[in-house]
Amino acid sequence: MLERLLIPTVGAAALLALGGGLLGVGYGATIGDASQGLRIAGTALVYWPAVMVLTGLAVLLFGYLPRVAIPVTWGVVAALCIVMADR
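About the cut-offs
Residue positions within a chain follow its written sequence, with the count starting from 1. The predicted origin of the model limits local features to residues at a pLDDT of at least 70 and limits the giving and counting of side-chain atom pairs to 80 or more, whereas totals for whole chains, interfaces and linings rest on all residues. Where side-chain values are given, they derive from all heavy atoms of the structure, hydrogens and water being excluded. Each axis is a line fitted through C-alpha atoms, taken for helices only over the stretch in contact, and angles between the N-to-C directions span 0 to 180 degrees. Segments assigned H or I by DSSP are reported as helices when at least four residues long, segments assigned E as strands when at least two residues long, and all are numbered from the N terminus. Orientation is classified from the angle alone, with under 35 degrees giving roughly parallel, over 145 giving roughly antiparallel, 65 to 115 giving roughly perpendicular, and any other angle giving oblique. Each crossing gets its hand from how the near helix is turned against the far one by less than a right angle, where anticlockwise is left-handed and clockwise is right-handed. Note on definitions: a residue-residue contact is assigned when non-hydrogen atoms from the two residues lie within 4.5 Å. Three categories are distinguished: nonpolar for Ala, Val, Leu, Ile, Met, Phe, Trp, Tyr, Cys and Pro, charged for Asp, Glu, Lys and Arg, and polar for the others, with Gly belonging to the last. Accessibility here uses a 1.4 Å probe with only protein chains present; expressed as a share of the type maximum, an area under 20% marks a residue as buried, one over 50% as exposed, and anything in between as partly exposed. The term polar contact refers here to a pair of N or O atoms within 3.5 Å; inside protein, the definition further demands a hydrogen-donor-capable atom paired with an acceptor-capable atom, and it admits residues adjacent in sequence only when both atoms are side-chain atoms.

**Focus on the packing of helix H1 (residues 2-31) against helix H3 (residues 48-64)**
At a minimum axis distance of 10 Å, the contact between H1 and H3 shows a crossing angle of 155°. For the element pair H1 / H3, the angle class is roughly antiparallel. The interaxial crossing formed by H1 with H3 has right-handed handedness. The residues of H3 that touch H1, namely those facing Leu5, Pro8, Thr9, Ala12, Ala13 and Leu16, are Trp48, Val51, Met52, Thr55 and Val59. Looking at side-chain class alone, the contact of H1 with H3 contains nine nonpolar, two polar and no charged residues.

**Focus: the environment of Arg67**
With respect to the secondary-structure elements, Arg67 resides in the loop between H3 and helix H4 (69-85). By relative accessible area, which is 81% here, Arg67 ends up exposed.

**Some points on the side chain of Thr73**
Summarising the element assignment, Thr73 is placed in helix H4. The class of Thr73 is buried, set by a relative accessible area of 12%. A distance of 2.7 Å separates a polar side-chain atom of Thr73 from the backbone oxygen of Ala69. Residues within four places of Thr73 in sequence aside, it is in contact with Leu54, Ala58 and Leu61.

Read these as spatial facts, not as claims about activity.
In structure tokens:
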């Protein structure tokens, strides 16, 4: 199981850092500051614990209620997107 969890754990961190870095490079090119790539990549990694909570929820549900694990986890993600859209 730990081998299966390594992919979302490392993959989430890598994708958050990459996405934040690319956004930072674009923003840095706009304002003329090259250091924005690293700064925003680090800032994007702040969301990594939240991703790990959702991963843990999915694993917990898969262990106890495998038939509803995927729909419930995606339902939680959708609910969080709706809540965050109001901000």
